[in-house]
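# Chains, contacts and geometry: an overview
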Amino acid sequence: MSWITLKTTNARWEAELMQQVLAAHDIPSRIVDAGIASYFGACSPAALQVLSHDQWTALLLLSSPEEEQAGASDNN
């Protein structure tokens, strides 16, 4: 299985929160530290990765209601 970067963030805590949401739905994920800032503390950039077959389910779970409504209004 291959891992795909689903989202990137400038704060590791955001990636950890998204990882908890995915874990609640039994979707395996991992966090990869990005950049040198990861050595300096809490505001380190990070990437959230999921297995390729879980990509679309994870994107739906992590999407905001605003994104869903914007997509629906584009189709009208």
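Remember, predicted model here, so these are calculated numbers, not experimental data.

We now examine helix H1 (residues 12-24). Over its 13 residues, H1 runs 19 Å from end to end, which matches the ideal 18 Å to within 8%, given 1.5 Å per residue. All buried positions along H1 are accounted for by Ala15, Met18 and Leu22. All buried residues of H1 project into a common sector of 65° when viewed along the axis, lining one side. Turned more than 90 degrees away from the buried face of H1, the exposed residues are Trp13, Gln20 and Ala24. Looking at the buried positions of H1, the neighbouring elements they touch are strand S1 (3-9), strand S2 (29-33), strand S3 (46-51) and helix H2 (55-62). One or two positions beyond H1, positive phi appears at aspartate 26, with a value near 55°.

Let's shift gears to the confidence of the model for the chain. Looking at the chain as a whole, its pLDDT mean stands at 84, while 78% of the residues score no less than 70. Averaged over each element, pLDDT in the chain is lowest for helix H3 (residues 65-74) (62) and highest for S3 (95).

Glancing now at the sheet that holds S1. With antiparallel pairing, three strands are arranged side by side in an open sheet as S1-S3-S2. The open sheet has two edge strands, S1 and S2, and neither has a second partner. Strand after strand, the sheet turns through a mean of 30° between neighbouring axes, direction not considered. Summarising the sheet, S1 and S3 pair through six bridges and their orientation is antiparallel. When the sheet's bridge partners are listed, lysine 7 is paired in S3 with leucine 48. Where H1 meets the sheet, its contacts fall on S1, S2 and S3, and the angle it forms with S2 comes to roughly 170°. In this fold H2 packs onto S1 and S3, with an angle of close to 20° to the strand it touches most, S1.

About the cut-offs
Residues numbered from 1 in each chain as written. Predicted model: local features only at pLDDT ≥ 70, side-chain atom pairs only at ≥ 80, totals over all residues. Heavy atoms only, no water. Helix = DSSP H or I, 4+ residues; strand = E, 2+ residues; numbered from the N terminus. Expected span 1.5 Å × (residues − 1). Buried < 20%, exposed > 50% of the residue type's maximum accessible area, 1.4 Å probe, protein only. Arc of directions from axis to C-beta. Contact = heavy atoms within 4.5 Å. pLDDT = per-residue confidence, 0-100. Pairing = 2+ DSSP bridges. Axes fitted to C-alpha atoms, helices over the stretch in contact; angles between N-to-C directions.

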